[in-house]
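For reference, the chains in residue letters:
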Amino acid sequence: MTDHLAFARAAGCEPAVVDSFASLGGVVAELPDLQSPDWARRRRAARELSDALATRFTLPGPTECEVTEHRVPTRAGKITVVHYRPPLAAGPRTAHLAFHGGGFVLGSVHEIVNERIARSRAVAGGVDIFDVDYRLAPEHPFPAGLHDCLDALSWLVESATALGIDPDRIGVGGVSAGGNLAGLVAVHARDRGLRLDHQVLEVPGASLSFEQDDSYRAYSALGDFGADVADLHAAYLGVSGPAEGWAAPAEVPDLAGLPPALVITAELDPLRDSGEAYAARLAEAGVPVQTWRAPGQLHGSGALTRTSAIAREWQDRVGEFLRNRSRRSASIPY
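Owing to the predicted nature of the structure, the values given are computational and were not obtained by experimental measurement.

Rules of the game
Residues numbered from 1 in each chain as written. Predicted model: local features only at pLDDT ≥ 70, side-chain atom pairs only at ≥ 80, totals over all residues. Heavy atoms only, no water. 1 Å grid on protein atoms, 1.4 Å probe; cavity = no way out; pocket = protein on both sides within 12 Å on 5 of 7 lines; lining within 4 Å. Points joined across faces, edges and corners; volume = space filled by probe spheres on them. Helix = DSSP H or I, 4+ residues; strand = E, 2+ residues; numbered from the N terminus. Nonpolar A, V, L, I, M, F, W, Y, C, P; charged D, E, K, R; others polar. Phe/Tyr/Trp six-rings, centres within 6.5 Å; stacked < 30°, edge-to-face > 60°. Buried < 20%, exposed > 50% of the residue type's maximum accessible area, 1.4 Å probe, protein only. Pairing = 2+ DSSP bridges. Right-handed = clockwise from strand over helix to strand, strands pointing away.

Student: Can you help me understand the layout of surface pockets in this one?
Tutor: Rolling a probe over the atoms, with the probe sized like a water molecule, indicates the empty space that remains. In this structure, the second largest pocket occupies an estimated 180 Å³ of space. Looking at the second largest pocket, the residues that line it are Leu 59, Pro 60, Ile 117, Ser 120, Arg 121, Ala 124, Thr 305, Arg 312, Gln 315, Asp 316 and Gly 319. Secondary structure elements with two or more residues in the lining of the second largest pocket: helix H4 (112-125) and helix H10 (309-327). Looking at the lining of the second largest pocket, its residues break down into four nonpolar, four polar and three charged.

Written out as structure tokens, the structure is:
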């Protein structure tokens, strides 16, 4: 841990990020199951770590946000979607379908960090947030999670009127692995003739082949503890890779016609270069794109809103983007 901390300081992490990094040591030491081959045990340990860090470093969200859980049908059964509705929101409203991170193998809509960020974004952006608890690998490898996200979108479109949502103002977004899924959902929606309103891709897993990127070579030591890229990919895609279909947005040959995007990368993130390369390709394809590289930030430090001014700016930028989308008239094109 000492070497990791020294590396974080030497790399130029924001002091608030270094402080949070230092706090990992004691928590990680008490969670040996973070390395367990049993995925259920590993997820419990990862949830405990995530909740401990969020309780200390992520500001609580507004309590007046109305929260409802839905059991949503998919082609493989039902999944949970948590609905965060901002107060005093008259319909029909803009909706944002969100997909959490976790390397496709970890994470849950019930993590404290996801609940706090979703509440804050619903209120700041004036949009309804629908957080999707998609199935995880390796028990449910690709494309199971993607199918869940696509089916959640179909449910939201079909249920829009009952939920007070404008079906023409539905967007998607996600962090890390969730950014990968959001990008792919946007592509599949376009190909099905469904016009999404927006996409928000934060430190996205835009490519699953990034080991040769300069950012990966420089900052892989600052990645998630216990997360080996090769192991994650094998768990998600299988040893031989997917039989068919795009597993990452960067694999899609034609990006024209996708919804306006906000792409946020972190300066010290191994995935930085692949995320920025994807944003550049979106712009080249004629997609309206806003980009921001968060200075001094790591892959997961955008949630450190209690202690980091830059993390608060990160969240403010997402909130402003969503607020601008929610204010846009449905009759105005992209």
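Student: How do you make sense of the packing of aromatic side chains when you look at a structure like this?
Tutor: The way to describe two aromatic rings as a pair is by their centre distance and the angle between their planes. Tallying each qualifying case throughout the model produces four aromatic pairs. Look at Phe 142 and Tyr 236: their rings are 5.7 Å apart centre to centre, the planes differ by 70°, and that puts the pair in the edge-to-face class. With Phe 142 in the loop between strand E4 (128-132) and helix H5 (144-163) and Tyr 236 in helix H8 (residues 229-237), the pair connects residues that are 94 residues apart, well separated along the chain. Grouping aromatic residues by their ring pairs yields a cluster made of Phe 104, Phe 142 and Tyr 236.

Student: Explanation requested: the pairing of strand E7 (residues 261-266) in the structure shown.
Tutor: Within E7, six of the six residues are buried, which leaves it mostly tucked inside the rest of the structure. Side-chain alternation along E7 places Ala 261, Val 263 and Thr 265 on one buried face and Leu 262, Ile 264 and Ala 266 on a second face that is also buried. Summarising the sheet, strand E6 (residues 199-202) and E7 pair through four bridges and their orientation is parallel. Each bridged residue has a counterpart across the sheet, and for Leu 201 the counterpart in E7 is Val 263. As paired strands, E7 and strand E8 (residues 289-294) are joined by six bridges and run parallel to one another. Bridge pairing links Val 263 to Thr 291 in E8. Crossover connection from E7 via helix H9 (residues 272-284) to parallel E8: handedness right-handed.

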